[in-house]
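Structural overview
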Amino acid sequence: MSYIIKDMPRQVDPALVEKAGRAETATIGHRRHMGFADKAIQCVLPGRRIAGTAVTLALPGQDSTLLHHIIASLRPGDVLVIDRLGDHKHACLGGGVAAAIKASGCLAVIIDGPCTDLPEIEDLDLPVWCRGVAPITTRLYDIGGSFNVPVCCGGAVVNPGDLILADFSGALVMPTPEAEADIDWALGKQEAEPEGHKRLLAGEKLGERTGASAMVRAKL
């Protein structure tokens, strides 16, 4: 296997990133079905929410050679998305790698696999969404890998330059042409929710509010 290294993608418009950072993945999940990573991929640091530009890496098995190399290319505002190509055993990110990524200004990392050295990641305050922690790590075997190519992360297709939104519910990837409409809808729903909750607490029935009760009655 050889190395494939492609150009860095154009970063997502800062105005769209700012808007996305105020939307919740779970709210967008009321409207959108595609792009959500497997729910097992969660942030190892509590309460984090990020939005940024996808930079992608396909990293095979026990080898992290290409990861060490490409960290020098990461930019502020990037989110590194790592496809582990089916390997959920070996942790490709620990304290040293996390420190190098943090120094690059990269916002966060999303891994379809585990990390390690959790106390060091916490000290560095690097948001990492992954499949938990593992004690066995990758090594420099010089096997190969691909940088800035389409990848799969937790079942979601990720292209370089996509918009990444990740929070306390999970991680979501959206092509930028599709993102703004869903984000605007989610922000409107979030703004209206407090009033709706007040009405429910005051006694309004959920089924009447959502129309579910009317659907049931129509079939009785």
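Within any chain, residue numbers begin from 1 and follow the written order of that chain's sequence. Whole-chain, interface and lining totals are the exception, using all residues; otherwise, since this is a predicted model, local features are given only for residues with pLDDT of at least 70 and side-chain atom pairs are given and counted only at 80 or more. Only heavy atoms go into the side-chain values, all of them from the structure, while hydrogens and water stay out.

Remarks on the nonpolar core
Generally speaking, a soluble globular protein has its nonpolar side chains buried in company with each other. Among the nonpolar cores identified, the biggest contains 46 residues, and Leu 67, Leu 80, Leu 93, Ile 101 and Val 128 are the most heavily contacted of them. Helix numbering and strand numbering both begin at the N terminus, where a helix is a DSSP run of H or I of at least 4 residues and a strand a DSSP run of E of at least 2. Among the elements that make up this core, the one with the highest residue count is strand E3 (residues 50-58) (5 residues). Residues count as neighbours in contact if any of their non-hydrogen atoms are within 4.5 Å of one another. Residue contacts for Ile 101: discarding those within four places in its chain leaves Ile 71, Leu 74, Leu 80, Leu 93, Cys 106, Val 109 and Leu 126. Listed in part, the 15 residues of the second largest apolar core include Ala 20, Ala 23, Leu 163 and Leu 165. What makes a nonpolar core is a set of buried Ala, Val, Leu, Ile, Met, Phe, Trp, Tyr and Cys residues whose side-chain atoms join them at distances within 4.5 Å. Relative accessibility under 20% of the residue-type maximum defines a buried residue, over 50% an exposed one, and the middle range a partly exposed one, all with a 1.4 Å probe and only protein chains included.

Observations regarding the side chain of Asp 78
Its place among the elements puts Asp 78 in strand E4 (residues 78-83). Polar contact is the term for a pair of N or O atoms within 3.5 Å; when the atoms are in protein, one must be able to donate a hydrogen and the other to accept it, and sequence-neighboring residues count only if both atoms are side-chain atoms. A polar contact is formed between the side chain of Asp 78 and the backbone nitrogen of Arg 75, at a distance of 2.8 Å. The contact partners of Asp 78, leaving out residues within four places of it in the chain, are Met 8, Gln 11, Thr 53, Val 55, Cys 106, Leu 107 and Ala 108.

Things to note about the pairing of strand E11 (residues 170-174)
Counting buried positions along E11 yields 5 of 5 residues, so the element is predominantly enclosed. Judged by which residues are buried, E11 turns out to be covered on both faces: Gly 170, Leu 172 and Met 174 on one side and Ala 171 and Val 173 on the other are all buried. Pairing between two strands is assigned when DSSP locates at least 2 bridges connecting them. Two strands pair when backbone bridges link them, and strand E10 (residues 163-167) and E11 are joined in this way by 5 bridges, in the antiparallel orientation. When the sheet's bridge partners are listed, Ile 164 is paired in E11 with Val 173. Hairpin connection, E10 to E11: the antiparallel pair is bridged by 2 residues.

Digging into the environment of Thr 116
One can find Thr 116 in the loop between strand E5 (108-111) and helix H5 (118-124). According to the relative accessible area criterion, Thr 116 is buried, its value standing at 12%. Between the alpha carbons of Thr 116 and Ala 179 there is a distance of 32 Å; along the sequence they are 63 residues apart. Excluding its chain neighbours within four sequence positions, the residues that come into contact with Thr 116 are Ala 91, Leu 93, Gly 94, Ile 121, Ala 134, Pro 135 and Thr 137. Polar contacts involving the side chain of Thr 116 include one to the main-chain carbonyl oxygen of Ala 134, which spans 2.9 Å.

Considering helix H6 (residues 176-201)
Helix span, expected: 1.5 Å multiplied by one less than the number of residues in the helix. The end-to-end C-alpha separation of H6 is 38 Å, in line with the 38 Å expected for 26 residues at 1.5 Å each. In this scheme, the bend at a residue equals the angle between the axes fitted to the seven residues that finish there and the seven that begin there. At Glu 193, H6 is deflected by roughly 40°, the largest bend along its length, and proline Pro 194 occurs up to four residues later in sequence. Those residues of H6 that fall on the buried side of the exposure criterion are Ala 179, Asp 182, Ile 183, Ala 186, Leu 187, Gln 190 and Gly 196. Buried residues along H6 sit against helix H1 (14-20), helix H2 (25-28), E10, E11 and helix H7 (206-210). Remark: Gly 203 follows H6 within two positions and exhibits a positive phi of approximately 120°.

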